[in-house]
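Structural overview
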Amino acid sequence: MGAGIARDAAMRGLSVTLIEKRTIGFGTSSRSSRLIHGGIRYLELGDIGLVYEALHERTTLLAIAPHLVRRQPFLFVMDRGAWWPWCRVGIGVMLYKLLAGSGSLGAHHPLTRKGILRREPLLDHAPLIGGAIYQDAHGDDIGLVRSNIAAARALGVEVLEETDAQVQVHGDSVEATLPDGRTIRAGALVLALGPWTDEVRSAIGLPDRDLVGGTKGIHIAFPIERLPLSHAVALRHPDDRRVMFCVPEPELGRVLVGTTDTETDEPPEALTVGEDDVAYLLRAVQHLFPTLDLTAADISDRWVGVRPLLQQGGSESSRSREHEIVREGRALTVAGGKLTTYREMAEEAVDLVGEVLGRELPPCRTADVALP
Ligand SMILES: Cc1cc2nc3c(=O)[nH]c(=O)nc-3n(C[C@H](O)[C@H](O)[C@H](O)COP(=O)(O)OP(=O)(O)OC[C@H]3O[C@@H](n4cnc5c(N)ncnc54)[C@H](O)[C@@H]3O)c2cc1C
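This section reports on the structure supplied with the text.

Reading the values: rules and limits
Every chain is numbered independently, its residues counted from 1 as its sequence is written. Predicted model: local features are reported for residues with pLDDT of at least 70 only, side-chain atom pairs are reported and counted for 80 or more only, and whole-chain, interface and lining totals are derived from all residues. Excluding hydrogens and water, the side-chain values take into account all heavy atoms of the structure. Where helices and strands are cited, they refer to DSSP runs of H or I of at least four residues and of E of at least two residues respectively, numbered from the N terminus. Throughout this description, buried means an accessible area under 20% of the type-specific maximum (1.4 Å probe, protein chains only), exposed means over 50%, and partly exposed covers the range between. Within 6.5 Å between ring centres, the rings of Phe, Tyr and Trp (the latter by its six-membered ring) count as paired, and their orientation is classed by plane angle as stacked under 30 degrees, edge-to-face over 60, tilted in between. With axes taken as lines fitted to C-alpha atoms, and helix axes fitted only over the stretch in contact, angles between N-to-C directions fall between 0 and 180 degrees. Angles are sorted into four bins: roughly parallel if under 35 degrees, roughly antiparallel if over 145, roughly perpendicular if 65 to 115, and oblique for all others. Throughout, a crossing is termed right-handed when the near helix is turned clockwise from the far one, and left-handed when it is turned anticlockwise from it by less than a right angle. We call two residues contacting when some pair of their heavy atoms lies within 4.5 Å. One heavy atom within 4 Å of a molecule or strand makes the whole residue count as near it. We call two N or O atoms a polar contact when they sit within 3.5 Å, provided that within protein one can donate a hydrogen and the other can accept it, with sequence-adjacent residues counted only if both atoms are side-chain atoms. Polarity classes work like this: nonpolar for Ala, Val, Leu, Ile, Met, Phe, Trp, Tyr, Cys and Pro, charged for Asp, Glu, Lys and Arg, and polar for all others, with Gly in that last group. We call a set of buried Ala, Val, Leu, Ile, Met, Phe, Trp, Tyr and Cys residues a nonpolar core when their side-chain atoms join them within 4.5 Å. Strand pairing is assigned whenever DSSP detects at least two bridges linking the two strands.

Observations concerning unusual backbone geometry
Cis geometry marks the peptide bond from Gly 258 to Thr 259; its omega dihedral reads 5°. Tracing the backbone through its elements, the reader meets Thr 259 in the loop between β14 (254–258) and β15 (262–263). Although it is not a glycine, Arg 241 sits at a positive phi angle of roughly 70°. Note that Arg 241 resides in the loop between β12 (232–236) and β13 (243–249). A positive phi angle, close to 50°, is found at Asp 293, a residue other than glycine. Along the chain, Asp 293 falls in the loop between α8 (275–288) and β16 (301–310). Of the residues examined, Asp 293 reaches a relative accessible area of 58% and is grouped as exposed.

This is the structure:
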């Protein structure tokens, strides 16, 4: 978010300093499922507006960053259920295509078991009754952050890493005092802090609003030689029926499997990958590929991230990925959202910066100018 906002603001002629307490991409944006997607499972929640918006951002990111975002076909596999659930999945993928409009990326339709196996023979021993094919995109999350940072730097943005600034918001300006004693004065402050939002807002003295509630997500990865998938697979976990994914990443020589979604109050930097979570993901993979004998010893990589979800109650998996930008005097706080929608959220935030500064800014061009 911060990188996207800095680039957009600089493209509109503003003078920008980006302050990062740790290193670029340290937070959630290097720990995602790396899907640039509308979110097929949000359809189930009736989040049509979010799916529509995110599918359109998917089209934009495929156009402006083809080196970082690529099309990814998915097989949605069903291991039980009968005629009606199968129809629901079929209708769901067709609705997904409709919502993508002209940005739709190819085949979206129900498949029989035979149709799935023809596309992905590795599923031969899975207890499948059928499913569907749909299209999404896969992106390099940290690559997108770095690319936005590179573009911002080229436009003159000062990027300060490992900098814990003391920030004060006054009526007519904002002041950041850096550890070396330097003071930066600005007309506006944008807080893009992911899961650290509430903690930092309270340190700055902004009203306590409880904007962001985190849920923890674990991923594991297998070497692609151990799990040689050619298609990405979406499945329901055999224990609790949550939708999860196995996504081949040949460029990294691995298959990513994730994710979990559990409420957490722990500071994001203190989280570790729990053995229970690993076992949960492993059970799903073993269920789908019983003859591959995959065990924890085959896992090549594992990581944890905290989703900065807009605080609005509901169970973890049914919480919306929608966002909100709160304006308090000269401070704006960006809360919620997804990696997929970062560009659009940045556009909205920079439009609001113009209002805070009382200046008419040139229109946003980030949907048209390619990322480096
Ligand atoms: C498991 C998981 C899977 C996900 N999968 C997807 C997906 O497939 N597709 C998708 O679109 N989205 C996905 N998301 C959501 C997406 O990753 C996040 O919405 C997005 O990365 C949030 O970006 P951000 O910039 O808001 O937060 P972050 O990336 O967390 O950035 C916040 C930054 O603030 C910095 N910071 C903290 N305190 C301070 C301070 N005092 N001063 C300066 N800097 C500070 C942190 O170091 C950090 O770099 C997933 C999230 C998780 C956890």
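Thoughts on the packing of aromatic side chains
Scanning all chains against the criterion turns up 4 aromatic pairs. Between Phe 74 and Phe 245, the ring centres sit 5.6 Å apart and the planes meet at 75°, which makes this aromatic pair edge-to-face. Taken together, the residues span a long stretch of sequence, with Phe 74 in strand β3 (residues 69–78) and Phe 245 in strand β13 at a distance of 171 residues. Considered together, Phe 74 and Phe 245 belong to a single accessibility category, that of buried residues. Summarising the aromatic geometry, the rings of Tyr 96 and Tyr 134 are spaced 5.6 Å apart at their centres and angled 90° between planes, so their arrangement reads as edge-to-face. With a gap of 38 residues between them, Tyr 96 in helix α4 (residues 83–100) and Tyr 134 in strand β5 (residues 130–139) connect regions that are remote in the sequence. In this structure Tyr 96 comes out as buried when scored by relative accessible area, which is 0%. For Tyr 134, a relative accessible area of 0% gives the class buried.

A few points about the packing of helix α1 (residues 2–11) against helix α6 (residues 141–154)
Close contact between α1 and α6 brings their axes to 8 Å; oriented N to C, the two are set at 30°. Classed by the angle they form, the pair α1 and α6 counts as roughly parallel. Crossing hand, α1 versus α6: left-handed. Packed against α1, whose contacting residues are Ala 3, Gly 4, Ala 6 and Arg 7, the element α6 presents Val 145, Asn 148, Ile 149, Ala 151 and Ala 152 at the interface.

Some details on the site of the ligand
In the vicinity of the ligand lie 32 residues, with Glu 20, Thr 28, Ser 29, Leu 35 and Thr 340 positioned nearest. Between the ligand and Thr 28 there is a distance of 2.8 Å, counted from an oxygen atom to a backbone nitrogen or oxygen. The set of elements that each furnish at least two residues to the shell around the ligand consists of β11 (212–223) and β16. Across the shell around the ligand, the residue classes break down as 12 nonpolar, 13 polar and 7 charged.

Some words on the nonpolar core
Val 77, Leu 123, Phe 222, Leu 227 and Val 257 are the most contacted members of the largest nonpolar core, which has 35 residues in total. Looking at this core element by element, the count peaks at 7 residues for α8. In contact with Leu 227, other than residues within four places in its own chain, are Leu 122, Phe 222, Val 255, Val 285, Phe 289, Leu 292 and Leu 294.

Digging into the sheet that holds strand β8 (residues 174–177)
If you walk across this open sheet you meet the 3 strands as β7-β8-β9, and the pairing is antiparallel. Two strands close off the open sheet at either side, each with one partner strand: β7 (166–169) and β9 (183–186). For this sheet, the mean angle separating the axes of adjacent strands, direction not counted, is 15°. Two strands pair when backbone bridges link them, and β7 and β8 are joined in this way by 4 bridges, in the antiparallel orientation. Among the inter-strand pairings, Gln 166 is bridged to a residue of β8, identified as Thr 177.

Everything listed here is a matter of geometry and, on its own, says nothing about what the molecule does.
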